[in-house]
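# Understanding the architecture of this molecule
Below, each chain spelled out in residue letters.
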Amino acid sequence: MKRYLEKLAERRNLTEEEMSIAAKSLFENEINDSEIAAFMVALKSKGETAGEIAGIVNTMRSFSMSVEIDGDNVMDNCGTGGDGSQSFNISTTSAFVLAGGGLKVAKHGNRSISSKTGSADVLETLGVDLNMDSAQMEKALNEIGIAFLFAPSVHPKIARIMKVRKELKIPTVFNLIGPLTNPVDLKTQLLGINRRDMLPLFAEVLRKLGRKRAVIVNGAGGMDEASLQGENSLVLLNEGNITSFTLTPEEAGLTRFDNEKIKGGNAKENAEILLRILKGEKGPYRDTVLLNAGLGFFAHGTASSIPEGVNLARKSIDSGAALNKLESLITLGNRNKAVL
């Protein structure tokens with residue numbers, strides 16, 4: 001580790017292989033907390049490369065719980081968080097809409113770190129079981145079409161690193177890589193990021209990680225979700241080709257709303273917002289989900305355009321299919337608990 005710390009301190013990039021070796025030391029507890037902190041800070045100070053991020057992600061995934069699902073048919077729509085918008089749980093709500101539209105969604109997430117309410121907090125409030133083992137997750141994906149992969153459960157080696165990360169109180173590479181570390185071998189993905197300057201970098205990382213198709217979005221107002229406030233910046237990765245483009249609400253067939261209109265609250269309040277959306281309530285909350293789920297259908301390739309994706313999202317909600325996915329996931333969790 002000393003050699004890699006010295007290299008980072010000299011502002012020299014690590015190769016992907018060097019990062020994999022260094023990361024292995026992090027996860028195998030071969031170094032102390034001070035060395036972990038120094039590594040995080042040195043990497044942040046230098047600036048992460050696509051190879052470095054891919055190296056640490058692949059190593060972290062090698063220590064993950066195994067979830068054996070055909071990744072060609074499964075996607076995730078997780079964002080990095082950290083945008084400070086205090087919005088409701090957009091990607092979590094959108095995940096049920098995507099599942100209601102026929103996609104298999106391995107929703108990776110955690111409790112709140114920088115926002116009021118994380119995906120795990122709101123799903124727990126709704127009655128979703130956060131403690132499924134790999135077999136139960138596989139069952140949920142196969143039978144229902146959606147499973148929640150609770151980060152602390154699927155990444156048992158991450159606890160010590162998260163402790164150091166919280167003590168540092170500054171963003172590090174671990175604030176960025178959450179959406180990349182899904183243990184399912186995904187081929188498609190919708191990824192939100194709060195830093196517009198990192199869109200091309202993350203497209204390159206996803207290419208290195210083997211995604212066949214993905215959309216990376218930074219929303220108007222700096223959100224890590226697509227926003228109805230104005231112009232969104234996006235990058236499409238499609239079979240190795242990377243293309244940048246922008247998207248306004250009007251181009252998706254939707255109306256503009258300020259980001260203030262989609263603020264959330266605590267877990268109970270956000271759970272109520274999610275349920276109202278899935279039950280058909282119209283307004284800025286629903287339209288924001290339509291936009292993001294529409295992007296998800298487009299990222300997956302099910303929709304050939306974003307407006308087509310928005311229409312698929314609308315049908316998923318209005319038919320009751322999205323709500324049915326949530327109810328089925330809650331029921332499966334209750335059956336699991338009854339067996340125990």
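Note that the structure is predicted; figures quoted are calculated from it, not measured.

## Re the overall build of the protein
Across its full length, the protein carries 14 helices and seven strands. Expected size for 340 residues packed as a compact globule is a radius of gyration near 20 Å; at 19 Å, the protein falls within 12% of this value. Taken over the C-alpha atoms alone, the protein extends approximately 60 × 50 × 35 Å along its principal axes. Considering only contacts within the protein whose residues lie at least 6 apart along the sequence, 74% involve residues at least 24 apart. Counting only carbon and sulfur atoms, one obtains 48% of the accessible surface of the protein, whose full area is about 13,400 Å². Here the protein carries 41 positive and 41 negative side-chain charges, and the mean point of each set is 1 Å from the other.

## So, the pattern of salt bridges
With the rule as written, the count across this model stands at 19 salt bridges. The residue Arg 111 makes a salt bridge to Glu 124 at a minimum N-O spacing of 2.9 Å. Of this pair, Arg 111 sits in the loop between strand E2 (104-109) and helix H6 (119-126) while Glu 124 is found in helix H6, placing the two residues 13 residues apart along the sequence. With relative accessibility at 32%, the residue Arg 111 sits in the partly exposed group.

## Side note on the packing of helix H4 (residues 50-62) against helix H10 (residues 199-208)
Their axes nearest at 9 Å, the elements H4 and H10 cross at an angle of 50 degrees. Here H10 runs oblique to H4, going by the angle between their axes. Helix-helix and strand crossings are classified by hand; for H4 and H10 the assignment is right-handed. The segment H4 lies against H10, with Ala 50, Gly 51, Ile 53 and Ala 54 engaging Leu 201, Phe 202, Glu 204, Val 205 and Lys 208. Residue composition of the contact of H4 with H10, by class: six nonpolar, one polar and two charged.

## Quick word on the environment of Asp 76
Turning to its location among the elements, Asp 76 is positioned in strand E1 (residues 74-76). It is 16 Å that separates the C-alpha atoms of Asp 76 and Ser 64, two residues lying 12 residues apart in sequence. A distance of 3.4 Å separates a polar atom in the side chain of Asp 76 from the backbone nitrogen of Cys 78. At 3.5 Å, the side chain of Asp 76 forms a polar contact with the backbone nitrogen of His 108.

## Considerations on helix H2 (residues 16-27)
Taking 1.5 Å of rise per residue, the 12 residues of H2 would be expected to cover 16 Å, and the 16 Å separating its terminal C-alpha atoms lies within 8% of that figure. For H2, the full list of buried residues reads Glu 18, Met 19, Ala 22, Ala 23, Ser 25, Leu 26 and Phe 27. Along its buried surface, H2 packs onto helix H1 (2-9), helix H3 (33-46), H4 and helix H9 (159-168). Phi turns positive, to about 60 degrees, at Asn 29, one or two residues after H2.

Calculation criteria
Residues numbered from 1 in each chain as written. Predicted model: local features only at pLDDT ≥ 70, side-chain atom pairs only at ≥ 80, totals over all residues. Heavy atoms only, no water. Helix = DSSP H or I, 4+ residues; strand = E, 2+ residues; numbered from the N terminus. Rg over C-alpha atoms; globule rule 2.2 N^0.38 Å. Contact = heavy atoms within 4.5 Å. Areas by Shrake-Rupley, 256 points an atom, 1.4 Å probe, with all protein chains shown as cover. Lys, Arg positive; Asp, Glu negative; His and termini not counted. Charge placed at Lys NZ, Arg CZ, Asp CG, Glu CD. Salt bridge = Lys/Arg side-chain N within 4 Å of Asp/Glu carboxyl O. Buried < 20%, exposed > 50% of the residue type's maximum accessible area, 1.4 Å probe, protein only. Axes fitted to C-alpha atoms, helices over the stretch in contact; angles between N-to-C directions. Parallel < 35°, antiparallel > 145°, perpendicular 65-115°, else oblique. Left-handed = near helix turned anticlockwise from the far one by under 90°. Nonpolar A, V, L, I, M, F, W, Y, C, P; charged D, E, K, R; others polar. Polar contact = N/O pair within 3.5 Å; in protein donor to acceptor, adjacent residues only side chain to side chain. Expected span 1.5 Å × (residues − 1).

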